[in-house]
Amino acid sequence: MAFYNHEDSLVVQEQYVQYLAENVLENCKLDLEALGRDTTALEKIKAPFPRISYTDAIELLHKKGFDDIEWGDDFGSPHETEIANSFDQPVFIVNYPKAIKSFYMSTNPEDPRTVLCADLIAPEGYGEIIGGSERISDYDELKERIVESGLNADLRMVLRLAQIRYGSAFRIRTWSGTCSCLVLRCAARERNSTVPKIIKSFIPIKSMEILGSLMSPFCYWRENIWLTII
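Cut-offs applied
Residues numbered from 1 in each chain as written. Predicted model: local features only at pLDDT ≥ 70, side-chain atom pairs only at ≥ 80, totals over all residues. Heavy atoms only, no water. Helix = DSSP H or I, 4+ residues; strand = E, 2+ residues; numbered from the N terminus. Buried < 20%, exposed > 50% of the residue type's maximum accessible area, 1.4 Å probe, protein only. Polar contact = N/O pair within 3.5 Å; in protein donor to acceptor, adjacent residues only side chain to side chain. Pairing = 2+ DSSP bridges. Phe/Tyr/Trp six-rings, centres within 6.5 Å; stacked < 30°, edge-to-face > 60°. Salt bridge = Lys/Arg side-chain N within 4 Å of Asp/Glu carboxyl O. Contact = heavy atoms within 4.5 Å. Arc of directions from axis to C-beta.

Caption draft 1: Local environment of the side chain of R37. Its location among the elements puts R37 in the loop between helix 2 (29–35) and helix 3 (40–43). Classification of R37 by relative accessible area gives buried; the value is 7%. In terms of polar contacts, R37 uses its side chain to reach the side chain of E124, at 2.9 Å.

Structure representation (structure tokens):
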């Protein structure tokens, strides 16, 4: 989304998740009853959501007895679950270390070791449901990060740099996994159980993976060429 910054992104994400919860509660009561879904957690989903920085989350885990993670490590499922259990709503974990995130994320001006990004963690131990970040909009900074990441020989990086050099706005990008949101709403324990069996039988999983790997470069190039043109 163009002309949106990191804080704007968090607002959009929490409003989106609140809408999903309210819509399901209003229109899918019979389905939730059939699934035996306790709707208490869904009813509590009201924006704004709590926020905790990566650094504070590490300290929280240490206080709770986790000695298998230090600052600079990525969270595993048990860590995310423990953090989520400290709140009764979805929680944003913000500003991860630069070293464990993608090169295109903007540096956090308040702590240059970190970047302006967030993972939205669902309650009840369902893990991450949305991830997003503010993208670098400064040409020199992006070029420096590309070189640091060893990607300067990648032709796709020429397109990224051209996109900024010849006209691009500061922007954010988020993604939300359909299966992840369904897991939260339906209280399913596995993401695979939210994919209709008819789809699995019609398109073998391996074929879907191959198709995805073939389409990803096309989608990436199409998007960036278009953004470069405009």
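Now that the structure has been shown, we can carry on.
Caption draft 2: Layout of the pairing of strand 4 (residues 127–134). Counting buried residues along strand 4, eight of its eight residues qualify, which places the element largely inside the surrounding structure. The hairpin formed by strand 3 (residues 117–122) and strand 4 contains four residues between the paired strands, and E124 there has a positive phi angle of roughly 65°.

Caption draft 3: Structural view of the packing of aromatic side chains. Scanning the entire structure with this criterion turns up six aromatic pairs. Measuring from ring centre to ring centre gives 6.2 Å for F49 and F92, while their planes differ by 35°; the resulting arrangement is tilted. Residue F49 is found in the loop between helix 3 and strand 1 (51–53), and its partner F92 is found in strand 2 (residues 91–94); the two are separated by 43 residues along the sequence. Pair check on accessibility: F49 and F92 agree, each one buried. Ring geometry for F75 versus Y96: centroids 5.8 Å apart, planes at 75°, classification edge-to-face. Residue F75 is found in the loop between helix 4 (54–63) and helix 5 (77–84), and its partner Y96 is found in the loop between strand 2 and strand 3; the two are separated by 21 residues along the sequence.

Caption draft 4: Looking closely at the pattern of salt bridges. Scanning all chains against the criterion turns up six salt bridges. Close ionic contact of E124 with R37 constitutes a salt bridge, the shortest N to O distance being 2.9 Å. One end of the pair, E124, is in the loop between strand 3 and strand 4; the other, R37, is in the loop between helix 2 and helix 3, with 87 residues separating them in the sequence. For E124, a relative accessible area of 33% gives the class partly exposed.

Caption draft 5: Main features of the environment of I93. Relative to the assigned elements, I93 resides in strand 2. With a relative accessible area of 0%, I93 lands in the buried category. Taking the C-alpha atoms as reference points, I93 and D119, separated by 26 residues in sequence, lie 5.3 Å from one another. Among residues more than four places away in sequence, those in contact with I93 are I52, S53, Y54, F75, I83, C117, A118, D119 and I121.

Caption draft 6: Quick look at helix 6 (residues 139–148). Inspection of helix 6 places L142, R145 and I146 among the buried residues, and these make up the whole buried set. Burial along helix 6 is one-sided: seen end-on, the buried residues are contained in an arc of 105°. Facing away from the buried side of helix 6, by more than 90 degrees, are the exposed residues D140 and E148. Its buried side turned inward, helix 6 meets helix 7 (155–165). Sitting at the head of helix 6, D138 places a side-chain oxygen 3.3 Å from the backbone nitrogen of D140. The positive-phi residue at the C-terminal boundary of helix 6 is G150, with phi of around 75°.

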